[in-house]
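# Chains, contacts and geometry: an overview
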Amino acid sequence: MPSFMGEVFSGIGILLVLGITVTLAWGHAVVVKSSPTDQAVLTQAPGAITLCFNVKIEKAFARASLWSTKTRRKRLPISEHNFAQDADPACLHISLPPLQPGAYQVRYKILATDGHTTEGVVRFAVNEPA
Ligand SMILES: [Cu+2]
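Below is a short write-up of the structure. Being a predicted model, the structure only gives us computed values, none of them experimental.

### With respect to the sheet that holds strand β8 (residues 117-126)
Read across the open sheet, the 5 strands follow the order β2-β8-β7-β4-β5; overall the sheet is mixed. A single partner strand is all that each edge strand has here, and the edge strands are β2 (40-42) and β5 (74-76). Pairwise comparison of adjacent strand axes, ignoring direction, gives a mean angle of 30° for this sheet.

### Some thoughts on the packing of aromatic side chains
Applying the stated criterion across every chain, the model contains 2 aromatic pairs. Each ring, one from Phe53 and one from Tyr108, has its centre 6.1 Å from the other, and the planes form 75°; the classification is edge-to-face. Of the two residues, Phe53 is situated in strand β3 (residues 48-53) and Tyr108 in strand β7 (residues 102-111); the sequence distance between them amounts to 55 residues. Take Phe53 and Tyr108: they sit in the same class, and that class is buried. Their ring planes at 25° and their centres at 5.7 Å tell us that Tyr104 and Phe124 sit as a pair that is stacked. One end of the pair, Tyr104, is in strand β7; the other, Phe124, is in strand β8, with 20 residues separating them in the sequence. Like Phe124, Tyr104 is buried. Positioned above the aromatic ring of Trp67 is the side chain of Arg107, whose terminal nitrogen or guanidinium carbon lies 3.7 Å from the ring centre.

### Quick notes on the pattern of salt bridges
In this structure the tally under the stated criterion is 1 salt bridge. A salt bridge links Arg123 to Asp38, with the nearest nitrogen and oxygen atoms 2.9 Å apart. You can see Arg123 sitting in strand β8 and its partner Asp38 sitting in the loop between β1 (31-35) and β2, a full 85 residues away along the chain.

### Some thoughts on the side chain of Ser79
Following the sequence through the fold, Ser79 ends up in the loop between β5 and β6 (91-95). The buried category is assigned to Ser79, whose relative accessible area is 19%. Residue contacts for Ser79: discarding those within four places in its chain leaves His93 and Ser95.

What counts, and where the lines are drawn
Residues numbered from 1 in each chain as written. Predicted model: local features only at pLDDT ≥ 70, side-chain atom pairs only at ≥ 80, totals over all residues. Heavy atoms only, no water. Pairing = 2+ DSSP bridges. Helix = DSSP H or I, 4+ residues; strand = E, 2+ residues; numbered from the N terminus. Axes fitted to C-alpha atoms, helices over the stretch in contact; angles between N-to-C directions. Phe/Tyr/Trp six-rings, centres within 6.5 Å; stacked < 30°, edge-to-face > 60°. Buried < 20%, exposed > 50% of the residue type's maximum accessible area, 1.4 Å probe, protein only. Lys NZ or Arg CZ within 6 Å of the ring centre and 35° of its normal. Salt bridge = Lys/Arg side-chain N within 4 Å of Asp/Glu carboxyl O. Contact = heavy atoms within 4.5 Å.

Right, dumping it as structure tokens:
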């Protein structure tokens, strides 16, 4: 094969690799908004956590758990509210049990509609009432 054609083919190869990478990155779910935010220090215990992603997610496959110094991996249910007609398909609401003052982590694992999973954690602290 002449070297010119070789260069053309390797160029096409590079474009294909870049194109595929861009396509995959586009579909991955990334948190664009969370309430409370990660590392938040709160004066009132939150009743729920809301995570909003850059893409639609498969809410039925979402998993979340609560961790603290006293509680290890308490499974958090994905509430019915998530599946309401007017619910944002990119936002996940996770209900929390009543929380005592302390430091907490909510760990989550979600599936984007492209089939890729995203795992993450939101850390927050609830202060003693003043
Ligand atoms: Cu993806």
